[in-house]
Amino acid sequence: MSVVAAITTSLDGYVAGPDDKPGQGLGVGGERLHDWVMGGSWTYEDDAAGRSPGGLGGVDREFLQELTANVGAGICGRNMYEASEAWGGTNPFNGTLFVLTHRTDEAPDPSTGFRFVDGLDTALQLATEAAGERDVAISGGASVIRQALAAGHVDELAISTAPVVLGAGKRLFDGFDRDVDLEILKVYPSRFATHVRYRVTR
């Protein structure tokens, strides 16, 4: 069992553009970060209208399939959960998704596949139990990944770097002051992103 954290950034280190919120989860201009997920250029308006440029494919699909093949449960922050509008009300990922929040009384019905948990350590304990021998995925946002890295919980870090410069927004390592060594495990270059899987060695 491993804890795997994964996120997409711009070349200048932003995981979302300015003003990320429900209906605009990646912020202003941030859609370009996930062109690799969508299979091409898209907008929030396209997404709302159900228009997709083609979907995940090629190297991007290979990367995601290999990364998530052994995932049995996941963790994300409340901001990510709300910015994604709870993925339409149903967890789309493998296993239960544990959402970090201080407002656990607002939790949705467990049948949705979401569980609200107060505290990263508690979430990791519950997610590890739920995953069994499978991996636990930490999917963001940036603050949750920083917390997990700082606490030494992350075994593998996967960063997808989109070929865009956002110039503003939320940075992945903003304020991070720890010394972390990484070993490159595999690189997946596509036209939409360069995906790198790292083993966290220290």
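Refer to the structure presented above.
Described in the following lines is the structure provided in the data block. None of the values given here were measured: they were computed from a predicted structure.

Take helix H3 (residues 58–68) next. For the α-helix, the turn length of 3.6 residues means that residues three or four positions removed from each other point alike. The set of residues buried in H3 consists of Asp60, Phe63 and Leu67. What you see down the axis of H3 is that its buried residues fit within an arc of 65°, all on one side. Check the buried side of H3 and you find it contacts strand E1 (3–9), helix H1 (35–38), strand E3 (71–77), strand E7 (156–161), strand E9 (182–189) and strand E10 (194–200).

We now examine the sheet that holds E7. Pairing in this open sheet of 8 strands is mixed, and the strands run E5-E4-E3-E6-E1-E7-E10-E9 from one edge to the other. The open sheet has two edge strands, strand E5 (114–117) and E9, and neither has a second partner. Across the sheet, the axes of successive neighbouring strands diverge by a mean angle of 20°, strand direction being ignored. As defined by bridge partners, E9 adjoins E10 across 7 bridges and the pair is classed as antiparallel. Residue tyrosine 188 lies in a different strand from E10, and its bridge partner there is histidine 195. Those strands touched by H3 are E1, E3, E7, E9 and E10, and its axis lies near 140° from that of E9. Of the strands in this sheet, E1, E3, strand E4 (97–100), strand E6 (135–138), E7 and E10 touch helix H6 (residues 142–150), which is tilted by about 140° from E1.

On to the environment of threonine 128, then. Among the secondary structure elements, threonine 128 is positioned in helix H5 (residues 120–131). As for threonine 128 and alanine 73, which are separated by 55 residues in sequence, their C-alpha atoms are 7.4 Å apart. Sequence-distant contacts of threonine 128, defined by excluding residues within four places in its chain, comprise Met1 and Val136.

Ile75, Phe98, Val136, Ile138, Ile145, Leu157 and Leu172 are the most contacted members of the largest nonpolar core, which has 28 residues in total. Non-local contacts of phenylalanine 98, meaning those with residues more than four positions away in its chain, are made with Ala73, Gly74, Ile75, Cys76, Arg115, Val117, Ala123, Leu126, Ala127 and Ala130. The next biggest cluster of nonpolar side chains, apart from the first, holds 9 residues, and it includes Trp36, Leu56, Phe63 and Leu67.

Strand direction decides the pairing type here: E1 and E6, joined by 3 bridges, are parallel. Residue pairing for E6: valine 3 is matched across the bridge by valine 136. Relative to E6, E3 runs parallel, the two being bridged by 4 bridges. Across the sheet, the residue bridging to valine 71 is aspartate 135, located in E6.

What counts and how
- Residues numbered from 1 in each chain as written.
- Predicted model: local features only at pLDDT ≥ 70, side-chain atom pairs only at ≥ 80, totals over all residues.
- Heavy atoms only, no water.
- Buried < 20%, exposed > 50% of the residue type's maximum accessible area, 1.4 Å probe, protein only.
- Helix = DSSP H or I, 4+ residues; strand = E, 2+ residues; numbered from the N terminus.
- Arc of directions from axis to C-beta.
- Contact = heavy atoms within 4.5 Å.
- Pairing = 2+ DSSP bridges.
- Axes fitted to C-alpha atoms, helices over the stretch in contact; angles between N-to-C directions.
- Core = buried A, V, L, I, M, F, W, Y, C linked by side-chain atoms within 4.5 Å.

The values are spatial; any link to function lies outside them.
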